[in-house]
Amino acid sequence: MNKQIFKIFLLLICFCSNAIATTTINVLTLNAWMIPIQGKMAKPRAKIIGSNISEFDLVFLQEAFTKKVRKEIKSNSTANFSDLYVYQRGNILGSGLYNFSKYKITKKAFMPFKSCRSVQCAASKGVLYMQVRLPNGMVIDTFNTHLQAYQKDAHIRAKQLKELKKFISDLNDGTHPVLFVGDFNIIASTDEYSSLSQYLIGFQDVWLDFRPSDSGFTWNPDVNSWANYDDGESVQKQRIDYIFVKDGKRLKWTVKETEVVFNDLYSYGSESLFVSDHFGLNSKLELSN
């Protein structure tokens, strides 16, 4: 009888510890604007990015195209990151998608988009998949993407979203929670953003969940000197960088905080500069069962 009671006691301890298991994950997504022909002051900007990402647990960058830039970012970080970059052959540039993780990377995959248009085809834009295992055993499927730019190319993004949806469903069956981030080039509060929900059923936009009344502009030429007005765009100040989450079978996301980051000028020698033509987006997310 004593052995049976002891076994029941152990089972109750395991049940209770699992029932209250939570962890907080600090996430950053940033289009680093490291395009070789446009990457103004790329090296100092890369140093600034690297020296300011150590506080985050998962970092997702876009437009980190060159090896020198990626090396500069990683070497200036003080955190013990594992990094992930996939080069897609056949294009002038790679994907530009570059991930950092403080957690163990257990799986990875990359899908280049089949659909693209004009100069955007020089880069192998697509989706970078990274599965990570947290110290407490929780597993997360993450996806980092960069879609076709310009409002006029909404039809290209629609095709890319179809490819993207299939890629996610092939790799995630709903068991593990999903973290989906990147530069979508889809402007919030537009018809195109509304149609995005058709491709992301079950996902929540963390900005809308936590700051529904705030603008959250990540592209703002009124403030950022690197961001140039495009006469072809009907909306100048834009929220186009996103963090989306989707619950898993036994794990649930809770948004604890979200904010626009890397939106200040940084000093570098005698210069003051922004790190990119985009601002970054940071979210502190709690994962619990």
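Each value, and the rule that gives it
Residues numbered from 1 in each chain as written. Predicted model: local features only at pLDDT ≥ 70, side-chain atom pairs only at ≥ 80, totals over all residues. Heavy atoms only, no water. Helix = DSSP H or I, 4+ residues; strand = E, 2+ residues; numbered from the N terminus. Rg over C-alpha atoms; globule rule 2.2 N^0.38 Å. Buried < 20%, exposed > 50% of the residue type's maximum accessible area, 1.4 Å probe, protein only. Contact = heavy atoms within 4.5 Å. Areas by Shrake-Rupley, 256 points an atom, 1.4 Å probe, with all protein chains shown as cover. Lys, Arg positive; Asp, Glu negative; His and termini not counted. Charge placed at Lys NZ, Arg CZ, Asp CG, Glu CD. Arc of directions from axis to C-beta. Pairing = 2+ DSSP bridges. Axes fitted to C-alpha atoms, helices over the stretch in contact; angles between N-to-C directions. Parallel < 35°, antiparallel > 145°, perpendicular 65-115°, else oblique. Left-handed = near helix turned anticlockwise from the far one by under 90°. Nonpolar A, V, L, I, M, F, W, Y, C, P; charged D, E, K, R; others polar.

Engineer: Before we go on, may I ask you to explain the overall build of the protein chain in this structure?
Structural biologist: Summing up its helical and strand segments, the protein chain has six helices and 14 strands in all. Over its C-alpha trace the protein chain gives a radius of gyration of 20 Å, about what one expects of a compact globule, namely 19 Å for 289 residues. On the principal axes, the C-alpha backbone points of the protein chain span a range of 80 × 45 × 40 Å. Taking all 289 residues of the protein chain together, the buried fraction comes to 52%. Contacts in the protein chain between residues at least 24 apart in sequence constitute 73% of all its contacts with a sequence separation of at least 6. Of the roughly 14,100 Å² of accessible surface on the protein chain, 52% is carried by carbon and sulfur atoms. Charged side chains in the protein chain number 35 positive and 28 negative. The centres of these two groups are separated by 10 Å.

Engineer: What am I meant to see in helix α3 (residues 67-75) here?
Structural biologist: Side chains three or four residues apart in an α-helix point the same way, a direct result of the helix having 3.6 residues per turn. Turning to α3, its buried residues number three or more, namely V69, R70, E72 and I73. An end-on view of α3 places all buried positions within 160° of arc, on one side of the element. With respect to the buried face of α3, the exposed residues turned more than 90 degrees away are K67, K68, K71 and S75. Elements in contact with the buried residues of α3: β1 (22-34), α2 (42-51), β2 (58-64), β3 (82-85) and β4 (98-101).

Engineer: For this particular structure, what's the right way to read the sheet that holds strand β7 (residues 139-146)?
Structural biologist: What holds strands together in a sheet is hydrogen bonding between their backbones, with the strands either parallel or antiparallel. One open sheet holds the six strands; their spatial order is β5-β6-β7-β8-β10-β9, and the pairing between them is mixed. Each of the sheet's edge strands pairs with one partner strand only, and the pair in question is β5 (104-112) and β9 (204-205). Across six bridges, β7 lies against strand β8 (residues 178-183) in parallel orientation. What sits directly across from D141, in β8, is V178. Each of β5, β6 (126-133), β7 and β8 touches helix α4 (residues 154-171); the most contacted strand, β5, lies at about 150° to it.

Engineer: What exactly am I supposed to notice about the packing of α4 against helix α5 (residues 191-199) here?
Structural biologist: How two helices pack is summed up by the angle between their axes together with the distance between the axes. Axis separation between α4 and α5 bottoms out at 10 Å; the angle between their running directions is 20°. In this view, α4 runs roughly parallel relative to α5, as classed from their interaxial angle. As α4 runs across α5, the sense of the crossing is right-handed. Every residue of α5 that contacts α4 at A154, R157, A158, L161, K162 and K165 is listed here: E192, L196, Q198 and Y199. Its residues assigned to classes, the contact of α4 with α5 shows five nonpolar, one polar and four charged.

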